[in-house]
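Single-letter residue listing:
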Amino acid sequence: MKKIFNWSEWSIATKILFMFLALSIVSMGVIGYVANINIRNLGAYALDTSTALGQRAIEDSTSHLNRLGEAIIQQKSRDVAKQVEMYLQNRPPMTVAEMRADAELRKIVVQSVGTTGYTTLLDPVNAEIIIHKFPGQEKNLESLKDILPTFWALLKSSAAGRTAGYYDWLEVDGSINQKYAGIEPVITADGKTFNLWATAYISEFSLPAEETKREINAAIEDSRDHINKDVTDVQDLFFIIFTVLVIIVIGLALLLSRVITRPIQALKEGAEAVGEGKLDYKLKVKNKDELGDLANSFNDMAAALKTYTEELKNTATENVKKERQIQENLRIYMSKLGQAQEDERKRIARELHDETIQALVVVSRDLDDLASPDAKLTARDIREEVRKIIEGLRNFGQELRPSILDDLGLIPAVKWLASDLTKNYKIRAEVEITGSQRNLPPETELMLFRIAQEALVNIRRHSQATLATVRIDFAENRVKLVIQDNGKGFEVPPRLSDLARTGKLGLAGIRERAQLLGGSINIESQSGSGTTLTIEVPL
C-alpha cells in the first residue's frame, strides 16, 4: 500500500489525472445543483400551468355565464315589451301622466330582472323615463348627456329599434356603476314608439363562477405549498451532497498542491541562489518524475553557467566598450532624428502661415466687406475663395506625402509634380534627367522631392512664370537638382541665412533640407530675369 501511494514516483500526468478525477466529482455536484434548479423550475411550471388552467376555466365560466345573463336580460325585455304593447294597444291613447298614474300599466312595466335588475319604460326621442321602479327617477335625461356618455349613446341608438349593450349608470348614492340593458321597442295605439329597457348588473349572473374561483385558488395554494416543500427537501439534500463534495475536493487539492509545489519551491530557492551568484548551489530533489528531471537539468545549467561566467569575465572590458559605443551612436541618431522632425514641423508651420492663414485673413476681410451696405463682393465670390482654400488644403495634404514617391521613386514623383503644375496652373513644366539614373536612399529621395515640391510651389505662387524646368543630374558620388523658371525673379539677400528674415520662408525651408542632407544650395535671381535654384547633395 505504501508503495502504491508513493507520491514521489508518480508522474505529473498521473497527478493531473487524479486532479481531473476530483474535478469530475465536483462536476457531479454541479450537475446535481443544476438538476435541483430544474426540479424547482418544473415545480414552478406545474404551479403556473395549473394556475393558468384554473384562471382560464374561471374566465371561460364567467364569460359563458355573462353571455347567458345577457340573453336572459334581452329575452326579458322582449317579453315585457310584448305585454306592455298589448296593454297599450287595447286602451285609448294615453298621455305620459295617465300612463304614470295607471297602476295596472306600472305593474306590467316594472318587473324584476334577476335579483338586482328591473324593467322600465323610456321615450328615446324626448330622452325621458316614462315609468321607473323608483318614481323619483321618472324625469328627463338631458342632464346625463355629459355625465353618462355611454348611457346617452345607447339611449340614442335605441331610437332606431331593438338593441342591447353595456352602459354606466348614476346610482342614488352618486356612484357610477356598469349595467347591461336589453332594449325592445313598444308601439302604442296612436303609433308612438317607446322603449322597454330590461337592465341589471351582469356580475350577478357570474356569482357561481366567483365561488368556483375561490375553490380553485384554494386548491392551487395547497398544491403550491406541497410542491414547495418537496422542492425545498430536494434542495437541502443537494446542498448537503454539494458541501461534502466541496470539502473532499478542497482536501485533495491541498494534498496535491503540497506534492507539486514542494519541488517547485526547491527550484525557486535554487534560482534565487544562482541569482545571488552562488553558482555551486545544488538542488536536492528526490522526485523521479518530470520535476525531478527538471531539478537535474537545473543543476547542469548552474554548472554550465559557472563556466560561461568565467569566460564572460575575460571579455567584459570589450563588451563594456561596445555598449558605450552603441549608446553613443544611439544618442547621436536620436538627436538627429529629433532635430529633423522639429525642422519639418517648422516647415509645415511656415507653409500654413504663408498660404492658408493669409487666405483665411482675406476671406475674413471679404466677409466684413460683404456685411457693409456698399459691398462690392458677393457670397459667390467668397464661396469661390473658400473653395480655393479647401483645394489648397487638399493639395497640401497630397504634397505632405504623395504615394507615388513610395511606390515608384524620386523621378516619377518629380514628373508628377511637373505635370500637376502644367495641368492645374497652366505653367509648362519640363523634367530632364542626366547621368546614370539609380535609386537613392529613402531619406535622400524624400528630401530632394520636398525641395523640388517647395521650389515649384514658389514658382506657382510668386514668379508669374510660364515655363519651369527641373533637371536632375546623377554623378558617381553626388546628385544635383536644378530648378529654373522664366518668372519675374527677386533680389537674393547677401546671406542665405537671411532668407527667413526677408520673408522667403519657402527658400529657407529648401536650404534647411539641403543642409540636413549635408549638401549645398545656390540661388541665382534678378528682378525680371527669372530664378535658378541649384541643390547639390553628396552620396
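My aim in this report is to walk through the structure given alongside it, one point at a time. (Residues numbered from 1 in each chain as written. Predicted model: local features only at pLDDT ≥ 70, side-chain atom pairs only at ≥ 80, totals over all residues. Heavy atoms only, no water.)

**Thoughts on a nonpolar patch on the surface**
And step 1. A surface patch of nonpolar side chains, about 390 Å² in accessible area, is lined by Phe239, Ile240, Val244 and Ile248.
And step 2. Of note, isoleucine 240 is situated in helix H5 (residues 207-275). (Patch = residues over 30% accessible without salt bridge, like charges linked within 9 Å, V, L, I, M, F, W, Y side chains within 5 Å. Areas by Shrake-Rupley, 256 points an atom, 1.4 Å probe, with all protein chains shown as cover. Salt bridge = Lys/Arg side-chain N within 4 Å of Asp/Glu carboxyl O. Helix = DSSP H or I, 4+ residues; strand = E, 2+ residues; numbered from the N terminus.)

**Observations concerning the sheet that holds strand E8 (residues 467-474)**
And step 1. Taken together, 5 strands build an open sheet; the order of strands is E7-E8-E9-E11-E10 and the sheet is mixed. Only two strands of the sheet have a single partner each, and these edge strands are strand E7 (428-435) and strand E10 (520-525). Averaged over all pairs of adjacent strands, the angle between strand axes in this sheet comes to 10 degrees, irrespective of strand direction.
And step 2. Inspection of the sheet shows E7 paired to E8 by 8 bridges, in the parallel sense. Paired with isoleucine 433 across the strands is isoleucine 472, a residue of E8.
And step 3. Helix H10 (residues 410-425) rests against E7 and E8 of the sheet, and its axis sits at about 160 degrees to E7.
And step 4. Strand contacts of helix H12 (residues 505-516): E10 and strand E11 (531-538), with the helix running at about 150 degrees to E10, the strand carrying the most contacts. (Pairing = 2+ DSSP bridges. Axes fitted to C-alpha atoms, helices over the stretch in contact; angles between N-to-C directions. Contact = heavy atoms within 4.5 Å.)

**Digging into empty space enclosed by the protein**
Once rolled over the atoms, a probe with the size of a water molecule shows which space is left empty.
And step 1. Using the criterion set out here, one finds 3 cavities of 30 Å³ or more in the structure.
And step 2. Taken as a whole, the largest cavity encloses approximately 100 Å³ of empty space.
And step 3. As for the largest cavity, its lining consists of Tyr118, Thr120, Leu122, Ile129, His132, Phe151, Tyr167, Trp169, Lys179, Trp197 and Thr199.
And step 4. For the lining of the largest cavity, the secondary structure elements donating two or more residues are strand E2 (117-123), strand E4 (163-170) and strand E6 (193-200).
And step 5. The dominant element in the lining of the largest cavity, judged by the number of residues it contributes, is E2, at 3 residues.
And step 6. Considered class by class, the residues forming the lining of the largest cavity number 7 nonpolar, 3 polar and 1 charged. (1 Å grid on protein atoms, 1.4 Å probe; cavity = no way out; pocket = protein on both sides within 12 Å on 5 of 7 lines; lining within 4 Å. Points joined across faces, edges and corners; volume = space filled by probe spheres on them. Nonpolar A, V, L, I, M, F, W, Y, C, P; charged D, E, K, R; others polar.)

**Section: H10**
And step 1. Between its first and last C-alpha atoms H10 spans 22 Å; for 16 residues at 1.5 Å apiece the expected length is 22 Å, and the two agree.
And step 2. For H10, the complete set of buried residues consists of Leu410, Ile411, Ala413, Val414, Leu417, Ala418 and Leu421.
And step 3. Contacts from the buried residues of H10 go to helix H9 (403-408), E7, helix H11 (442-463) and E8.
And step 4. Following H10 by one or two positions, lysine 426 has its phi on the positive side, about 60 degrees. (Expected span 1.5 Å × (residues − 1). Buried < 20%, exposed > 50% of the residue type's maximum accessible area, 1.4 Å probe, protein only.)

**Structural notes on H12**
Side chains that are three or four residues apart share a direction in an α-helix, a result of its 3.6 residues per turn.
And step 1. With 12 residues, H12 ought to run about 16 Å at 1.5 Å a step, and its terminal C-alpha atoms sit 17 Å apart, in line with that.
And step 2. Within two residues after H12, glycine 518 carries a phi angle of roughly 75 degrees, on the positive side.

**A word on the nonpolar core**
And step 1. The biggest cluster of nonpolar side chains holds 40 residues, and the ones touching the most others in it are Leu448, Leu456, Leu481, Ile483, Ile510 and Ile535.
And step 2. Looking at this core, the elements that each hand over two or more residues are H9, H10, H11, E8, strand E9 (478-485), H12, E10 and E11.
And step 3. With 8 residues, the single largest contributor to this core is H11.
And step 4. Of all hydrophobic cores here, the second largest spans 16 residues; its members include Val80, Ala81, Met99 and Phe194. (Core = buried A, V, L, I, M, F, W, Y, C linked by side-chain atoms within 4.5 Å.)

**Considerations on the packing of aromatic side chains**
And step 1. Under the counting rule described, the total for this entry stands at 7 aromatic pairs.
And step 2. Centroid distance phenylalanine 151 to tyrosine 167: 5.5 Å. Interplanar angle 55 degrees. Geometry classified as tilted. Of the two residues, phenylalanine 151 sits in helix H4 (residues 149-157) while tyrosine 167 sits in strand E4, which places them 16 residues apart along the sequence. Considered together, phenylalanine 151 and tyrosine 167 belong to a single accessibility category, that of buried residues.
And step 3. A ring pair is formed by phenylalanine 151 and tryptophan 169, whose centres lie 5.0 Å apart and whose planes are at 65 degrees; its orientation type is edge-to-face. Residue phenylalanine 151 is located in helix H4, and its partner tryptophan 169 is located in strand E4; the two are separated by 18 residues in the primary sequence. The pair formed by phenylalanine 151 and tryptophan 169 is uniform in burial state, with each residue classed as buried.
And step 4. Clustering of aromatic rings is evident, with ring pairs tying together Phe151, Tyr167, Trp169 and Trp197.
And step 5. The ring of tyrosine 201 has lysine 179 lying over it, and the distance from NZ or CZ to the ring centre is 5.1 Å. (Phe/Tyr/Trp six-rings, centres within 6.5 Å; stacked < 30°, edge-to-face > 60°. Lys NZ or Arg CZ within 6 Å of the ring centre and 35° of its normal.)

**Points about unusual backbone geometry**
And step 1. Despite not being glycine, alanine 127 has its phi angle at roughly 50 degrees, a positive value.
And step 2. The residue lysine 426 is not glycine, and still its phi comes out positive at about 60 degrees.
And step 3. Of note, lysine 426 is situated in the loop between H10 and E7.
And step 4. Take lysine 426: its relative accessible area is 68%, and that puts it in the exposed class.

**Section: the side chain of glutamine 453**
And step 1. Among the secondary structure elements, glutamine 453 is positioned in helix H11.
And step 2. Here arginine 450 takes part through its side chain, which lies 2.9 Å from a polar atom of the side chain of glutamine 453. (Polar contact = N/O pair within 3.5 Å; in protein donor to acceptor, adjacent residues only side chain to side chain.)

**Examining the pairing of E10**
For a regular strand, side chains alternate in direction, first toward one face of the sheet and then toward the other.
And step 1. By the alternation rule, side chains of E10 split into Ile521, Ile523 and Ser525, which are all buried, and Ser520, Asn522 and Glu524, of which none is buried.
And step 2. Pairing analysis gives 6 bridges linking E10 to E11, with the strands arranged antiparallel. Across the sheet, isoleucine 523 pairs through a bridge with leucine 533, a residue of E11.
And step 3. Between E10 and E11, which pair antiparallel and follow one another directly, the connecting turn spans 5 residues, one of which, glycine 528, has a positive phi of 85 degrees.

**Comments concerning the packing of H11 against H12**
And step 1. It is at 9 Å that the axes of H11 and H12 come closest, and there the two elements cross at 165 degrees. As summarised for this structure, H11 and H12 are arranged roughly antiparallel, according to the angle between their axes. Considering only the axes of H11 and H12, their crossing is left-handed. Residue-level inspection shows Met447, Arg450, Ile451, Glu454, Ala455 and Asn458 of H11 in contact with H12, the latter providing Gly506, Leu507, Ile510, Arg513, Ala514 and Leu516.
And step 2. Among the residues making up the contact of H11 with H12, the classes are represented as 7 nonpolar, 2 polar and 3 charged. (Parallel < 35°, antiparallel > 145°, perpendicular 65-115°, else oblique. Left-handed = near helix turned anticlockwise from the far one by under 90°.)

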